[in-house]
Structures are given as structure tokens and as C-alpha cells.
Number of protein chains: 4
Amino acid sequence: MKAAVIGATGYGGIELIRLLSNHPDFSLHSVYSSSKDQVPATEDYPHLKDICPLPLMKIDPEEITSECDAVFLAVPSGASSALSPKLLKNNTKVIDLSGDLRLKNPEHYEKWYKKTPADLHTLNQAVYGLTEWNREAVKSANLLSNPGCYPTAALLGLAPAIQGEVIDESGIIIDAKSGVSGAGRGLSLAVHFAEMNDNFKIYKVNQHQHIPEIEQQLLLWDHKVSPVTFSTHLLPITRGIMTTMYAQLKKTMTATELHQLYEEAYADDFFVRVRPLGEFPGVKEVAGSNFCDIGITVDERTNRVTIVSVIDNLMKGAAGQAIQNANLMFGFEETAGLKGFPIYP
Amino acid sequence: MKAAVIGATGYGGIELIRLLSNHPDFSLHSVYSSSKDQVPATEDYPHLKDICPLPLMKIDPEEITSECDAVFLAVPSGASSALSPKLLKNNTKVIDLSGDLRLKNPEHYEKWYKKTPADLHTLNQAVYGLTEWNREAVKSANLLSNPGCYPTAALLGLAPAIQGEVIDESGIIIDAKSGVSGAGRGLSLAVHFAEMNDNFKIYKVNQHQHIPEIEQQLLLWDHKVSPVTFSTHLLPITRGIMTTMYAQLKKTMTATELHQLYEEAYADDFFVRVRPLGEFPGVKEVAGSNFCDIGITVDERTNRVTIVSVIDNLMKGAAGQAIQNANLMFGFEETAGLKGFPIYP
Amino acid sequence: MKAAVIGATGYGGIELIRLLSNHPDFSLHSVYSSSKDQVPATEDYPHLKDICPLPLMKIDPEEITSECDAVFLAVPSGASSALSPKLLKNNTKVIDLSGDLRLKNPEHYEKWYKKTPADLHTLNQAVYGLTEWNREAVKSANLLSNPGCYPTAALLGLAPAIQGEVIDESGIIIDAKSGVSGAGRGLSLAVHFAEMNDNFKIYKVNQHQHIPEIEQQLLLWDHKVSPVTFSTHLLPITRGIMTTMYAQLKKTMTATELHQLYEEAYADDFFVRVRPLGEFPGVKEVAGSNFCDIGITVDERTNRVTIVSVIDNLMKGAAGQAIQNANLMFGFEETAGLKGFPIYP
Amino acid sequence: MKAAVIGATGYGGIELIRLLSNHPDFSLHSVYSSSKDQVPATEDYPHLKDICPLPLMKIDPEEITSECDAVFLAVPSGASSALSPKLLKNNTKVIDLSGDLRLKNPEHYEKWYKKTPADLHTLNQAVYGLTEWNREAVKSANLLSNPGCYPTAALLGLAPAIQGEVIDESGIIIDAKSGVSGAGRGLSLAVHFAEMNDNFKIYKVNQHQHIPEIEQQLLLWDHKVSPVTFSTHLLPITRGIMTTMYAQLKKTMTATELHQLYEEAYADDFFVRVRPLGEFPGVKEVAGSNFCDIGITVDERTNRVTIVSVIDNLMKGAAGQAIQNANLMFGFEETAGLKGFPIYP
């Protein structure tokens, strides 16, 4: 199957190129950028020398859909809403990595993204690709909305507890920390090396656009969930997200029981690894891979649970999960092209 | 006044040497280590060449108290409990940076530190040196117990909200992140460079010995406070702590009102800087200084407050606050020797 | 073909496990450690959960050679010399990543490694695996001595210039910088995070054991080469080596001519990429891959060349090149299992 | 004495503010920026809260010279040449941190900086402030040209060997590595965090504008010096420069003899510390201080010397040396305001 990547100069795009170049079932057919035309990809990314001979091309939906079976949209939020419908032609399937198609309620999009939402038809068509919890719908999707990096980590960590109705639906706290690649390749003082090195910052307090995405999914699982507190911090590392989550137990439960609940929930999911009780993952332990590792415990002093989940934000948080979803959409093995181990150290 | 540093080869000790060497009222008289005798300090720390000509000496309490007015104890927990009483002679005043004298209840110490507690007489004599909130007692102390790094950041951040009775006493969450110097100079795989670089880890979940220290002080301020959730993470940076704290408001309160409460609480405290509303501090913004910077907000969606405090763990979290306390104990200016700016970038 | 890794708990060993687990022609059969027996590999490396179910076993040469076709020796220098001969049985082929079999002259080994050298028979049998320049010998080797990380970078960078007799054989300067994983997993203050972070150090000045390895190979290419100056520095990064090399031109030559010489020399080598004239590689641009990237220029003011080569020290500098050599020894594609792109960013 | 800082929003400017705020003899009177007018300095640098109440002002030479005794110019190269003459009024003394007044030959400036040079009168008036080697001229200077960061490290390291005529004047190699703050606060992809973290790069090969500055001074010391090779690399750290330098001995000399030469050369210089023979400095060992630490050795195999010097590029490489020079110009203690220790770790 022929695959195209639109938005190939961003970090999500370049990670898709890496994965598609070694994929057993997809071949990387062409790469596109809104700002380039016939420019070698190596001009932006010298590390691609000899391994990605494709030039960056101007985005031409007609041409793309006539030539490609799968299109990965790694463009900024605000651009996908218009592009997606034009790409759903000639049986082409679209995997959108932006935030444009994630919120089913266009008012939520407008409020949190401060941009014009996609039309309702497109929104309704889009399947939310939190793979482990929406596998059947993903398999039949033509338009896939790939989850945000933070929501992926947070939701995979919270799902068994919420679905198992073991935690209080009010008062969920998500303290999230992300590597700097999550902020993209656009220049800004906040991620200027001398400002970010040996530093640690909190940002967008109570205002991050991933809040409604997390709540939307939690409410689908349990309509009693009340608004969550979600904080985002920048780590002086390149890749990786950790979410540390806190919630009150609804009933008495031992750590062992909670752990068993998690192990059972993810028993059949290759990419979610529940760590042995007492062990918590570090972000480096999933770097370069599509894994989401989870550690959990119960504090008997407070009757509160602590749930820790880690992902590589460019993999399970973006390009990796996009490939995982595309694999299902095209009937390939779910793990095809994603069996690379974490790079450690 | 002549000052001695015991435990001079650790990071807390070396920071005391840096500060005392440029102090207007203290002179650094001698430095001690449990494992050295007549060894130049430059052997452990080549950066001291030409600026600290003192040799490391064997610890001899008799000699120390006969020669020095102030003794800074920067030894590991477990060693201070025995040393402190021996140093309280000849009018010598002792500032203990270890955890040995912080918990007034010896059972708490035994439970969390898993070591033999200090005797009750010594514990009762020790004044807890969270300077901004215990200034008068500090002034008349002969034995000062310097707060832990995490408790300093957490308590300075929580104090106005707890004392103002604006937050719910149950359900306080403290998500703390620390630079690696907090783990000391002792070798361990966890802080081996190749393991910690580009990494981020959670550790001692629900088991950190700073939990009872935080709770002890919160209970002194408000006896209704229930056990807190306190998590500690390791940042791939050298210096700096951020605590991100969450609590439910007891009554409706705007961010502006909360901010005003904080500004008033710390109006006269040079080393606590409440940031303008909407601004949150990064850890680098206090690096190398004795400041604790605080940012706060209220989330109207959840009626929850977010409080962020940052310190340099070796300064306000250890050596800096120790000097600040010693200044008061000896009647010097509270800021003497501590006016160095943050090193930025 | 069944492969074993001996010394599986070091960084070289763990990288071999990563590569062999995804190799099309080798299967990872068993892993060994001198200090473990029947211990799950995940105990040392939690990131291996679900992907490397093998236990670490005690080293038993009899058993290993009866079960495995290929043995990768990733043990410290000093251990290979004794182990290698015992593993050359039952048609088992051995790839040794240590320094024990690199120096043909046992006196050189004794002088620089300060250990007992391997016996002459074993030394003579060992083929030096700088793949690109010794391919035919590698193909027929049963005992392969994998080059050191620094020599790989330095020699690939110098080879065309030395062989083309364009640079002065005296006065070659090699200024090398390495990521900290090159120092291994053994604890030491030098690579304690708080000491190495935001730091940069020079070490083993004029005393590094890779000096005779570099000179031995240069002399094979040109017997007129005089002793080189080789300096090693530690970078505050995990992976990556850069060697910046300086030499006087023997004759007038433009940068364009020199560049052409390099392009021709490596035209058929997949893993050596000569960068376009005017472009120099950064170490991150080969991270996680088996590439060696080279940039070169000529300074007309000084008539000197500057040659820059970068590798991932755990890949082309250790495990990657070991697999590359094993591929040739067993008649597989040279690039089998090594087509992973650099992880960027 | 009243001091002004022009160009206060750059890293050199902010470091001058840090130093002048704690200086015993200078008081920081006003701060200026080409792009701001009446804007609080905390807007650009929140860490200045409560400690630098000054607003950034528009640059008005008339006003500045009428109010201030000392003006520190921390503007980019190209701006000083025009500003300096206007500031030399009313007995105001000017310390220029830019590159504009360093090269006595305007053609050199034009060639390497690709900008219009300062007029000859101004160039002739400017005293080059490599303090340790030009102390008398500095004392009587009204216009001081502060050396570049790289030249400071390189020249302090080479001076005793060149002046002692112990090294060959041809074939001097300077391999320099700098922290990223040296690249300033201007945004660029090269120092975008995700690109620079865990990376190491070479840049401006043979084209760095500090080459003629180094050569100009070497030639003043020894007119036989031929063009040097000078390479610059970017380290993934904030502060610090190391230059590793190589040269051929002209005569036989032991390391001990060379070391003695260096110790004698710098015996009276507080800020240059020659390390004990066999010891080499790391960049962190001078961080935050005005020290230049030097390690040297002789390789008997090659008859070559290796000289290593480290500085904090914002201190001895910029603001620190500027204050050191200003102290001399105004008759203060050379070390006034500069006695802060290295911040370690």
C-alpha cells in the first residue's frame, strides 16, 4: 500500500517517514509540505541522506488521492479541518494527527483551540483512534483522528480504573510532564536551548487544549466524571511524556487488586505494559518505541491511587499510534512496522 | 563569628563552603568529614583551588566547640542525632541540615527513616527553621533543625492557603520534581549519567521521608489537615525543585483574591517572591539563589487551586536556608551573604 | 542462525539484544553474564519487559558452543582473551567486542591496557573488523575482533586521506568527544549525573588505550605514519562520538578534490555517508543507527584539512558494527538487521 | 561610580546586571535596549523580580554620558562601532563587549565580520582588554575593547608557551567547544532545544570571526606565528568553553618544566589557575565564576604539548572580564565584585 505524509517537515512527519520507510506493508510514496515544492527532504533533515530520496512536494489533494492509499496528515491544528475532506476520495484513507477532528463538539474546539472547527459531517465521520479502547471502530474507519500525546498517556492510564468504577469520578488530577519535541520545530524562546536546558517549567495552566479531549473520552466511559485538573510541564529532554495521576478510591481496594485489574485490562494489548507491582516506569524506558508503560499503587494512608503512565510522545503519542491505527484500517498486523525496541540507554 | 562545616564533602557541605567564604559576618574556620583527616578539600573538589585552602579534618566535637561559634551539620540522617548534643557546648550554636531533628515524634522518625531517633531532650530543643514562618523561635535557637528541601518548597507554597483556611484540608496533592543533586554525591545506578540523562523518573511513591515533615507542619497550622499525597520525581537537571500542588477551594474565591492573599502573606519576606497573577516560575529562575518563587491560580471549572513553588534545592532547600537561619540566630541581617542573584541563563 | 550474547548486562550487550531481537537471519538464543544465573534480564533492564523473555545465564562455553552458531562477546577487556579460545568450537563463530584481540603486538596490549595479553595464536587468528576496509577478511573470519568506538570513527575519517597519500604522515591530531554511554554502566563519580550534567571534560590525555589501535591500522595503510595525538573528551550526552581531525596537506588540493576522493572511497559503502561539501554532521544525526557520517574541508590559509566523523558509539562503535561483521561472516546481507534510521530528534 | 548597561536584554547584558548589582564600587544606574523604552526588565527576565527595579530605556548617548561614569556596551557586533564614539564624552569610560573594536586592521574586520568597520581613530583608541597580559594599558584606557570568549580561553592558554618560545609557531591547532549561551538569545534552529539536546555540532569551520582576533594577539607576542587552525563546536550545555590546543615543542622539554613555566607566568593572577600537573579542568569547575583554569602536558611520544583551558563564556569570556577591566580603569581592586565561587555542582 502506498502511503503519503503531509506535513513532513515537522517532528511528527519526520517520525512517520522513519516508520514508513521500514514498514513491511506500507511503502512511503511521497511527502508533502505546505511551504516547499520539489525540495529534497535532506535540506531540512540532513540525517535522511541516502535513506529518504523523496523531495518535498506542494500539497495537491487530487494528485495525492489518485496515487496513494493512505494519507497521514501531520499538519498543525487548523489546517486538517479543511484538508481532510478533500483527501477522502478514490478510496484513500486518511489518518489525521492534528487536533482538528478529535472533539466531537465544535463549540469545544472553538473554545479551546480558538480556531474555526471542522464541519459536522467530517467530525462525525472521524473515528477517535485510542487504539486499545476503540479497536473495532478503527478497523472500519476511513477517516481516523489520532489522539493527542497527553490524552493518550492519560487515558491509557485512567481507563481500567474509570471503567472498573474504582475511583471517584470527581477530583481526578493529572500532572503531566513532556519532552520538548512535543512543542514542535517552530522556534520560540520557551524552548531556546539556553532557556530550557537545566530548567523545568509549567505552562498553559488549566488552559491546555487536551483537557476537553481527555474529558470527552472519560465521559464516554463514565458519564459521571466531573472536570479534571490537568497540568502540563516541559522537561529538558527531547522525547517522552509521563503523566502522574491521582484519584480517590470509591471503595477499599488493595494495590494488589488494583494491579490485577490493570493486568487483566491490558492482557491482550502488545503496546501497553503494566509494570509489576511496586515498579514504576521512567520515560526513557519507552523511548523510540510505541509502548505505553504503566505503574500503579494504592496509598492506604490516604485511600488514594497513584497511576503513572509513560509514552514516547512522537511514537505512541503521535506517529507510532498513527501507524498502529493505519495497520488496523488496512487489515495488517497491528504491530507491523512497530516492533522496534526502546533505545536504551 | 567563626563557623565550621561538618560533612563538607557532600553537596550541602560544599554549598555551605561557597556561601560562608563570601559571608560578611561569618568566617569559615574549619571543615570536617567523617572519612578524611588532613586532606585538602581540593582533592574532592578541584574547583576550590586557591579559594578554600582549608584541609578536611577528623570530627572532634571538643575541639570544634572550643574554637567555633557556629557549626553547620551537613551529615547524612542518622549521624546528627548523636553528634548534635556533643556540639552544644561552650555557647556554640548548631544548625543541623539532616532529617534527624525535624520530626518531633520519634516514632514517626523510626517509621519513615528506619533509624534510631534522637533523644527527646534534643528533639525538644531543636527549632524547626522554616524561616518565614518561625522567625522569632529561630532567633533564640541554639539548636536549629533546617527543613528538608521538598518540605521547604511545599510548605512555603501551601502556607497562606492553609492558614487562610481557603482550601479543603483533605485531598491535598503535592506533585514534586527535583534535580539530581538532591540525591547527593553517593553513587547509584539511578543517577548514573547514561541512565538519568534524557530521562524522568518517579521514586519512593508514597514512601518519602519528607511526608511526615510536611504533615507535621501543616497540622501545626491547621489541625484538621488530613494525610497528604506527596510524589517525588527526578528531573535530568542538577539543581532545582518544583512542587505543583492541588487542592479544592472551601469557598468560592477568585484567582485575584487568592493572589492577593499570597502577596500579603509574603510582603515582608525578601526570599519569597509571589509572581504576578498568570505567571508561573521555572526552576532555573531561582538557580544559585535563596529565593522561593510562587505562582498560583484558581480553576473555575473545577473550583481547584494550583500552587507552584520553586527553589534551588541546595540553597533555600539546604545551605541557603541554613545560612538564613544562622543569620537570625546570631543577630545578623537575615539576607547577609545571600544576596547573590539567580544565575541566568 | 542462533546467536548468544555474553556480557549482556553492559550497554554493548543490551544493544546487541536490541538488534538481534529484530534481525531477519539471527535469532537471539541465549544471554549470559558473569555475575548472574537464571535471573530475568528485566531485573537489570525493565524496558525489556515482554520483549526479551530470556534469563541471564552463567557462562558455560561448552553449552554455548554446542547450542549457538554465533557468539557475541561483550565482556570487559581482560576477560575475552581467555574466553575466546574456548568458544571457537563446534563451528561456532565468535565476535569479540572487547579490546583484547585488537592489538597484534602483545607488548602494546600490555603497555596500554596494563593487563595480560591474549596468546599469540588467538591474536593471529582474530580478524580486525573495520568492515569497510577489511571486508574480504571478515567474510572468512571465525574469530572477529570488533574495533573500538573511537578507532572506528577516527579510522573511517582518516582512511581515504591516508590511503590517497594526501596528508602529511606526521602531525595528525585527533580530537575526539564521546557520549557517556561509552564509559559503560559501571558507577563512577566522573559520570555521576550531577557531576557530568552541564559539564564537559577531557580525560586520559595521551594515555587512551585506543591510541595504539588507531596507529596500528594507520601503519598498515601507510608505514610512514608517525605517532598521532589523540585526545578524548566526555560529552554530557548519552550516545555519540565526534572526532575532529587535523592534518597538513602534502600537496596543494582543493576542498572539492578532497571531497571527491572521499565520495569515491565510500561510494559502495551503505553505512558511510560523506556529506555534501560545506556540510558537517552532528552526532544526533546518526543516533540509533549504524551510520558513520563524514564532513571534510580544506583551509587554504593553513593548507590543513579538517575531517569530522560521527558515529553512535553503541552502534557503529560497538554492537552495530559487530552485527555488520557477523552478517558478512555468515553470508547474510551486510545491512541485515541494521536498516533502522537515526532517531531524530 | 554609576554604571550603565546598553544591550541589557542579551545574555551578556543580563550577566553584567547580575554582577553590577552586587558590586561594591559600581552602582547600576540604568539599563538600555535598542528595542525597548520604559519596559520593566522583568518582562524579559522574570528572575529579576524585586532585585532589578530598573526599566529598559531607549539608548540616548547624551543622557547616558551626562549621568554615568561607566558604560558597558553589550550590543551585537556592527552597533558598537557607531555608538562608542558618542559615548566617550563627559569623562565617561566605555567598555565594549562586541567584536567591533578588537581588530586593529579594519580590512580584517570587513573580511571576517562582513560589516563596515569602525573608524581608525576609534580603533586606535580602543585598548584590548585581555587583562592578565595588558594590565597597564587597561588601567589608563577610556575605551576598552573586551576580548571575545574563545580568544580569551585560547590566548590565556597559549600565552606562556608562545611568549616562552617553547612551541613551534606553525601548526597551532585550537579545538574549541562552547556552551550554547555563547550563541546568544536570538532564536535559531541550531539551538532549538530538541535539535541541540543530546547533540554536539561543529560550526563555522575555518570561518569563525575570532580567528583573526587570536592571530592578532599571537603575532604581537611572536611575529613568527603562522595562521592557526581554529574549530568551534556547540556543546549541549548552557555555559562554558573548553579549548583543547595542540602544538609541537621547539625543543625538548618535560611536562614538569612546561608546568613550571605556566605556574610562574600566572603566579600573580588571581583569575587564572594553573592546575597541578596531571590534572585537567572540566568546564563546570569554573561555572558562574571569572576563573580561567588551565591544564597542560607534554606527550613524549609525539613531542607535542596539549593545553586545555576552560572559562565561563559569560563571565571571563564576557561580563566578568568586562568588570575586571572596568575595575582597573577606575582604580578599584581588580577582583571587586568578582569573588563569587564557581557554582558546583
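Residues numbered from 1 in each chain as written. Chains lettered and ligands numbered in written order. Predicted model: local features only at pLDDT ≥ 70, side-chain atom pairs only at ≥ 80, totals over all residues. Heavy atoms only, no water.

If you look chain A up in an unreviewed UniProt entry, it shows as N-acetyl-gamma-glutamyl-phosphate reductase from Bacillus badius. The UniProt entry for chain A carries this comment under Function (unreviewed entry): "Catalyzes the NADPH-dependent reduction of N-acetyl-5-glutamyl phosphate to yield N-acetyl-L-glutamate 5-semialdehyde." The Subcellular location (unreviewed entry) comment attached to chain A in UniProt states, word for word, "Cytoplasm". (UniProt positions renumbered as here; feature names shortened; annotations may be inferred.)

For the rest of this paragraph, the subject is the interface of chain D and chain B. With 37 residues of chain D at the contact, the number on the chain B side is 37 residues. Our count for the contact surface shared by chain D and chain B stands at zero salt bridges. Between chain D and chain B we count 12 residue pairs in polar contact (both at pLDDT 80 or more) in total. Broken down by secondary-structure element, the contributors of at least two residues to the side of chain D that touches chain B are α1 (11-21) and β13 (272-274) of chain D. Of the residues that constitute the side of chain D that touches chain B, the class distribution is 17 nonpolar, seven polar and 13 charged. (Contact = heavy atoms within 4.5 Å. Salt bridge = Lys/Arg side-chain N within 4 Å of Asp/Glu carboxyl O. Polar contact = N/O pair within 3.5 Å; in protein donor to acceptor, adjacent residues only side chain to side chain. Helix = DSSP H or I, 4+ residues; strand = E, 2+ residues; numbered from the N terminus. Nonpolar A, V, L, I, M, F, W, Y, C, P; charged D, E, K, R; others polar.)

Burial analysis of α1(D) places 10 of its 11 residues in the buried class, the great majority of the element. Contact partners of the buried residues in α1(D): α8 (193-196) of chain A together with β1 (2-6), β2 (27-32), β5 (70-73) and α12 (315-329) of chain D. (Buried < 20%, exposed > 50% of the residue type's maximum accessible area, 1.4 Å probe, protein only.)

Before going further, it helps to examine the environment of P53(B). Looking at where P53(B) falls in the secondary structure, it is placed in the loop between β3 (39-40) and β4 (55-57). Considering only alpha carbons, one finds P53(B) and G331(B), 278 residues apart in sequence, at a separation of 28 Å.

A word on the packing of helix α7 (residues 149-163) of chain B against helix α10 (residues 255-265) of chain B. Residues and elements named next belong to chain B. Their axes nearest at 10 Å, the elements α7 and α10 cross at an angle of 115°. Judged on the interaxial angle alone, α10 and α7 are roughly perpendicular. Crossing hand, α7 versus α10: right-handed. Here G157, L158, P160 and A161 of α7 lie close against α10, whose contacting residues are L261, Y262 and A265. Residues that form the contact of α7 with α10 fall into these classes: six nonpolar, one polar and no charged. (Axes fitted to C-alpha atoms, helices over the stretch in contact; angles between N-to-C directions. Parallel < 35°, antiparallel > 145°, perpendicular 65-115°, else oblique. Left-handed = near helix turned anticlockwise from the far one by under 90°.)

Let's shift gears to the relation of the copies chain A and chain B. Taken together, a rotation about one axis and a shift along it account for how the two chain copies relate. Overlaying chain A with chain B gives an RMSD of 0.0 Å, the required rotation being 180° about an axis along which the chain moves by 0.0 Å. Such values leave the two copies arranged in the relation of a two-fold axis. Comparing interface residues between copies, 100% of those in chain A also sit at the interface in chain B, which points to an isologous, same-surface contact. (Least-squares fit on C-alpha atoms with pLDDT ≥ 70 in both.)

What follows is about the pairing of strand β5 (residues 70-73) of chain A. Looking along a regular strand, one sees the side chains alternate between the two faces of the sheet. Residue and element names in this part refer to chain A. Burial along β5 is two-sided: the residues A70 and F72 and V71 and L73 are all buried. Pairing geometry for strand β1 (residues 2-6) and β5, over four bridges, is parallel. Paired with V5 across the bridge in β5 is F72. The parallel pair β5 and strand β6 (residues 93-96), bridged by helix α3 (residues 80-87), forms a crossover whose chirality is right-handed. (Pairing = 2+ DSSP bridges. Right-handed = clockwise from strand over helix to strand, strands pointing away.)

Superposing chain D onto chain B requires a rotation of 180° together with a translation of 0.0 Å along the rotation axis, leaving an RMSD of 0.0 Å. A share of 100% of interface residues in chain D that are also interface residues in chain B marks the association as one of identical surfaces.

The next subject is helix α9 (residues 210-221) of chain A. Residues and elements named next belong to chain A. In this model α9 runs 17 Å from its N-terminal to its C-terminal C-alpha over 12 residues, within 8% of the 16 Å that 1.5 Å per residue would give. If you check which residues of α9 are buried, you get H210, I211, P212, E213, I214, E215, Q216, Q217, L218 and W221. Summarising the contacts, the buried residues of α9 are in contact with α4 (106-113), β7 (127-128), α6 (131-139), α7 (149-163), β9 (173-178) and β11 (229-234). (Expected span 1.5 Å × (residues − 1).)

Let us now look at unusual backbone geometry. Following Y344(B), the chain continues into P345(B) via a peptide bond in cis, with omega recorded as 0°. Looking at the secondary structure, you find P345(B) in the segment after α11 (315-329). Even without being glycine, D198(B) reaches a positive phi, approximately 55°. Residue classification places D198(B) among the buried residues on the basis of a relative accessible area of 13%. Backbone geometry at N206(D) places phi at a positive 65°, although glycine is not the residue there. Examined against the element boundaries, N206(D) turns out to sit in the loop between β10 (201-203) and α10 (210-221).

Once that is clear, we can look at the interface of chain A and chain B. Each partner contributes to the interface: chain A provides 44 residues, whereas chain B provides 44 residues. Regarding the contact of chain A and chain B, the summed buried area is about 3,700 Å², with carbon and sulfur atoms giving 56% of it. Counting the surface chain A buries against chain B, the share from its top three residues, D198(A), F200(A) and R301(A), is 17%. Inspection of the region where chain A meets chain B yields four salt bridges. Here D175(A) and K177(B) are joined by a salt bridge, their closest N and O atoms 3.1 Å apart. At the junction of chain A and chain B, the tally comes to 24 residue pairs in polar contact (both at pLDDT 80 or more). Breaking the side of chain A that touches chain B down by element, the ones donating at least two residues are β9, α8, β10 (201-203), α9, β11, β12 (241-248), β14 (292-299) and β15 (304-311) of chain A. Split into classes, the residues belonging to the side of chain A that touches chain B amount to 21 nonpolar, 13 polar and 10 charged. (Buried area = accessible area lost by both parts, 1.4 Å probe.)

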